[in-house]
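# Overview (structure and organization)
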Amino acid sequence: MRRLNVSLAERSYPILIGEGLLSQTGLVLPMLQTKRVALVTNVKLADLYLETLANALEKVGVGITPIILPDGEAHKNWESLNLIYDAMLTHRCDRGTSVLALGGGVIGDLAGFAAATFQRGVPFIQIPTTLLSQVDSSVGGKTGINHPFGKNMIGAFWQPKLVLADTDTLKTLPDRELSAGLAEIIKYGLIRDLPFLEWLETNMDGLLAKDGELLAYAIERSCMNKAEVVAADEYETARDGGRALLNLGHTFGHAIETGLGYGVCLHGEAVAIGSVMAAELSQRLGWLSAAEVDRIRSLFKRANLPVEGPKLGAVRYLELMSHDKKVVAGRLRLVLLKSLGEAVTHADAPQNQVVAAIESCCRA
Ligand code: NAD
Ligand code: GLY
């Protein structure tokens, strides 16, 4: 088992990565305040893994309220959140009840927001089951739901007590979802870890073949990068850089997700397209060469990710991007690449260059 720590003073917590962790209740038990959990998952994960986890917890005397939500990004909304509150109240969960999220980023974000707000906050544990959630969304405490105007517009920072990433769950993950996770992994290389980017270029075929050792290393290295960034800027308040850099490709990507309707383009796919748009803009600003942009594009393509966005039209892209959470006093801050492995936040990109970068990445 690999073990990392997210260092946040009294809110610090471990990230455990390994095989067969779902049934190792000895890892979860010490993190519970009382032997009572609300176990939030979705219909698909309930079929695959609920029994394993629930049986293991029941064996050690933990009382479980299972809460099974509909599956998909389109359900990351108030209705699903209310289903969690309703079940927790119906089953008389209290402030000592821990919320466990068993699923991908959608379940983690929803369950985390419920944990942050139920009776003003209860303990929370992340059990991520997608590659994307194991390398990104389960770590760092961002929780929330979507709004028709924009992704993750309503939410809270609420750190988990534990992240338990059982790599065995990736065996049932569809290939398209595996690739979506690879997008966020490539992101760490692009923004702050050039040696990791080079390692990904060498090992992409093995990752796509779900080689266990390679996946475990990629998850550990990604979480290490994320933990360092979060520890330095937990609430994303740094004026330049900081946690916002984890959003490479996200301003463009969120516009694509919202513009198409949630769930049409996977989050990781939108991040891949958005990162290529950011790279194109970085080239226009004189920071990246054409060869480097090609290198980025070809790595995403090798991960079976799309690199061309939908033709929403530049006006619609800009309108959607104007809702971005990095907008300060009406000025859009974009995450761009000064060089490969070095990201910056930048508020001064000329609008015509932003439009040109978007249009160069849209399907003809
Ligand atoms: P997801 O949660 O929708 O999961 C993808 C699909 O895979 C779903 O159909 C799910 O049921 C299925 N699935 C999950 N685990 C499986 C398994 N082991 N085997 C088979 N199928 C499985 O998507 P995701 O990519 O995990 O997460 C995307 C979400 O995460 C987005 O809403 C995004 O905004 C959010 N996110 C949040 C953060 C954060 O810091 N909080 C960071 C990145 C992304
Ligand atoms: N996924 C971006 C963040 O956690 O800050």
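Summarised in this report is the structure supplied together with it. (Residues numbered from 1 in each chain as written. Chains lettered and ligands numbered in written order. Predicted model: local features only at pLDDT ≥ 70, side-chain atom pairs only at ≥ 80, totals over all residues. Heavy atoms only, no water.)

### Considering the overall build of the protein chain
Regarding its fold elements, the protein chain presents 13 helices and 11 strands. Its C-alpha atoms give the protein chain a radius of gyration of 20 Å, near enough to 21 Å, the size a compact globule of 364 residues would have. In terms of its C-alpha atoms, the protein chain occupies a principal-axis envelope of roughly 60 × 40 × 40 Å. Here the protein chain holds 364 residues, and 58% of them are scored as buried. (Helix = DSSP H or I, 4+ residues; strand = E, 2+ residues; numbered from the N terminus. Rg over C-alpha atoms; globule rule 2.2 N^0.38 Å. Buried < 20%, exposed > 50% of the residue type's maximum accessible area, 1.4 Å probe, protein only.)

### Here we look at the site of ligand 1
Neighbouring ligand 1 are 28 residues, the closest being Glu-73, Lys-76, Thr-129, Thr-130 and Thr-172. Measuring from an oxygen atom of ligand 1, one finds a side-chain N or O atom of Asp-71 at 2.8 Å. Between ligand 1 and Asn-152 there is a distance of 3.4 Å, counted from an oxygen atom to a side-chain nitrogen or oxygen. With the chains in place, 93% of the 860 Å² that ligand 1 exposes on its own is no longer accessible. (Near = heavy atom within 4 Å. Polar contact = N/O pair within 3.5 Å; in protein donor to acceptor, adjacent residues only side chain to side chain. Areas by Shrake-Rupley, 256 points an atom, 1.4 Å probe, with all protein chains shown as cover.)

### Examining the nonpolar core
With 73 residues, the main nonpolar core has Leu-131, Ile-186, Leu-190, Phe-252, Met-277 and Phe-300 as its most contacted residues. For Leu-190, the residues in contact, after removing those within four places along its chain, are Leu-197, Leu-248, Ile-296, Phe-300, Leu-337, Ser-339, Leu-340, Gly-341 and Glu-342. (Core = buried A, V, L, I, M, F, W, Y, C linked by side-chain atoms within 4.5 Å. Contact = heavy atoms within 4.5 Å.)

### A few points about the pattern of salt bridges
Going through the model one piece at a time under the given rule, you end up with 24 salt bridges. A salt bridge links Glu-280 to Arg-284, with the shortest nitrogen-to-oxygen separation between them at 2.8 Å. A residue pair is termed a helical-turn pair when its members lie 3 or 4 positions apart in one helix, as Glu-280 and Arg-284 do in helix 10 (residues 267-284) at four residues. Between Arg-316 and Glu-319 there is a salt bridge, with the nearest N and O atoms lying 2.8 Å from each other. With Arg-316 and Glu-319 both in helix 12 (residues 314-321) and three residues apart, this pair spans about one turn of that helix. Here the residues in one salt-bridge network are Asp-136, Glu-184, Lys-187 and Lys-226, joined through shared partners. (Salt bridge = Lys/Arg side-chain N within 4 Å of Asp/Glu carboxyl O.)

### Remarks on the packing of aromatic side chains
Under the counting rule described, the total for this entry stands at five aromatic pairs. With a centroid separation of 5.1 Å and an interplanar angle of 90°, the aromatic rings of Phe-157 and Tyr-235 are classed as edge-to-face. You can see Phe-157 sitting in strand 8 (residues 150-157) and its partner Tyr-235 sitting in the loop between helix 8 (212-232) and helix 9 (250-260), a full 78 residues away along the chain. Aromatic ring contacts, followed pair by pair, group Phe-196, Trp-199 and Tyr-217 into a single cluster. (Phe/Tyr/Trp six-rings, centres within 6.5 Å; stacked < 30°, edge-to-face > 60°.)

### Considerations on the environment of Ala-101
As for its position among the elements, Ala-101 is in strand 5 (residues 98-103). According to the relative accessible area criterion, Ala-101 is buried, its value standing at 1%. For the pair Ala-101 and Gln-159, spaced 58 residues apart in sequence, the C-alpha separation works out to 13 Å. Residues within four places of Ala-101 in sequence aside, it is in contact with Val-40, Ile-107, Gly-108, Ala-111, Phe-124, Ile-125, Gln-126, Ile-127 and Pro-128.

### Side note on the side chain of Lys-226
Along the chain, the position of Lys-226 falls in helix 8. For Lys-226, the side chain forms a polar contact with the main-chain oxygen of Val-139, separated by 3.0 Å. Excluding residues within four positions of it along the chain, Lys-226 makes contact with Asp-136, Val-139, Gly-140, Tyr-188, Arg-243 and Leu-246.

### Brief notes about the pairing of strand 10 (residues 334-339)
Residues in a regular strand point their side chains to alternate faces of the sheet. Bridge count for strand 10 against strand 11 (residues 342-346) is five bridges, and the pairing is antiparallel. Bridging from a neighbouring strand, Leu-334 pairs with His-346 of strand 11. The hairpin turn running from strand 10 into strand 11, its antiparallel successor, is two residues long, and Gly-341 in that turn takes a positive phi close to 90°. (Pairing = 2+ DSSP bridges.)

### Remarks on unusual backbone geometry
Phi at Gln-119 is positive, roughly 45°, even though this residue is not glycine. Within the element layout of this structure, Gln-119 appears in the loop between helix 4 (105-117) and strand 6 (124-128).

### Notes on the sheet that holds strand 4 (residues 63-69)
Ordered by their spatial adjacency, seven strands build an open sheet running 1-2-9-6-5-3-4, and the pairing between neighbours is mixed. Among the strands making up the open sheet, the edge pair consists of strand 1 (2-6) and strand 4. Within this sheet the neighbouring strands show an average axis-to-axis angle of 15°, counted without direction. As defined by bridge partners, strand 1 adjoins strand 2 (residues 13-18) across five bridges and the pair is classed as antiparallel. If you follow Leu-4 over to strand 2, its bridge partner there is Ile-15. Contacting strand 3 (36-42), strand 4 and strand 5, helix 3 (residues 78-90) crosses the sheet at an angle of about 155° to strand 4. (Axes fitted to C-alpha atoms, helices over the stretch in contact; angles between N-to-C directions.)

### Some points on the site of ligand 2
By nearness alone, every residue bordering ligand 2 is listed as Asp-136, Lys-142, Lys-226, Glu-236, Arg-243 and Leu-246. In the environment of ligand 2, an oxygen atom lies 2.6 Å from a nitrogen or oxygen atom belonging to the side chain of Lys-226. Between ligand 2 and Arg-243 there is a distance of 2.7 Å, counted from an oxygen atom to a side-chain nitrogen or oxygen. For ligand 2, the accessible surface in isolation is 200 Å², of which the surrounding protein chains cover 90%. Tallied by class, residues from the shell around ligand 2 come to one nonpolar, no polar and five charged. (Nonpolar A, V, L, I, M, F, W, Y, C, P; charged D, E, K, R; others polar.)

### Thoughts on the environment of Pro-14
You can see Pro-14 is positioned in strand 2. Considered as a pair, Pro-14 and Val-163 are 149 residues apart in the sequence and their alpha carbons are 6.4 Å apart. In this structure Pro-14 touches Arg-3, Leu-4, Asn-5, Met-31, Lys-161, Leu-162 and Val-163, once residues within four positions along its chain are discounted.

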